[in-house]
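Each chain, written out:
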Amino acid sequence: MNTIKMIIEDKPIHIPHHTYSRECCYTRGVHIPIEDFKKIVNNMCPDTKTYFEFHNVAGKIERGEYFNGHAGLGRHIANYYKQKKGADVKGVNDGRDFYVKVV
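For clarity, every value in this text was computed on a predicted model and none was experimentally measured.

Q: Explanation requested: the nonpolar core in the structure shown.
A: Within soluble globular proteins, side chains that are nonpolar tend to cluster in buried spots. Ranked by internal contacts, the top residues of the largest apolar core, which has 22 residues, are F37, L73, I77, Y81, F98 and V100. When contributions to this core are tallied by element, the ones reaching two or more residues are β3 (22-32), α1 (34-42), α3 (71-85), β5 (87-89) and β6 (99-102). By residue number, the principal contributor to this core is α3, which donates 5 residues. Counting 5 residues, the second-largest nonpolar core is a separate cluster that includes I13, C24, Y26 and Y99.

Here's what the structure looks like:
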């Protein structure tokens, strides 16, 4: 099985959280191709999508954008890559927050 690794950052990545009016700070994350991330977000169950939008301003998914990650998003990413790509994403489904960079 292919493995997609969690990226560990030397310096924290700061991503705005507009609902809380602050920045979230992450030292780990995943880089996901735009096509895959759009499919992941579009196929979320309504509760997870609402939570995703709570953590991320509703906007366009574009290359170079960063998003706040959370456990529900981690489950969707892990399931998508396992089912659609036969790949394992180490560390994304462990309940800890992370960032997503769209590439």
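Q: Looking at this structure, how should I read α3?
A: Its 15 residues give α3 an end-to-end C-alpha distance of 20 Å, which sits within 8% of 21 Å, the value for a rise of 1.5 Å per residue. Buried within α3 we find G72, L73, G74, I77, A78, Y80 and Y81.

Reading the values: the criteria
Residues numbered from 1 in each chain as written. Predicted model: local features only at pLDDT ≥ 70, side-chain atom pairs only at ≥ 80, totals over all residues. Heavy atoms only, no water. Core = buried A, V, L, I, M, F, W, Y, C linked by side-chain atoms within 4.5 Å. Buried < 20%, exposed > 50% of the residue type's maximum accessible area, 1.4 Å probe, protein only. Helix = DSSP H or I, 4+ residues; strand = E, 2+ residues; numbered from the N terminus. Expected span 1.5 Å × (residues − 1).

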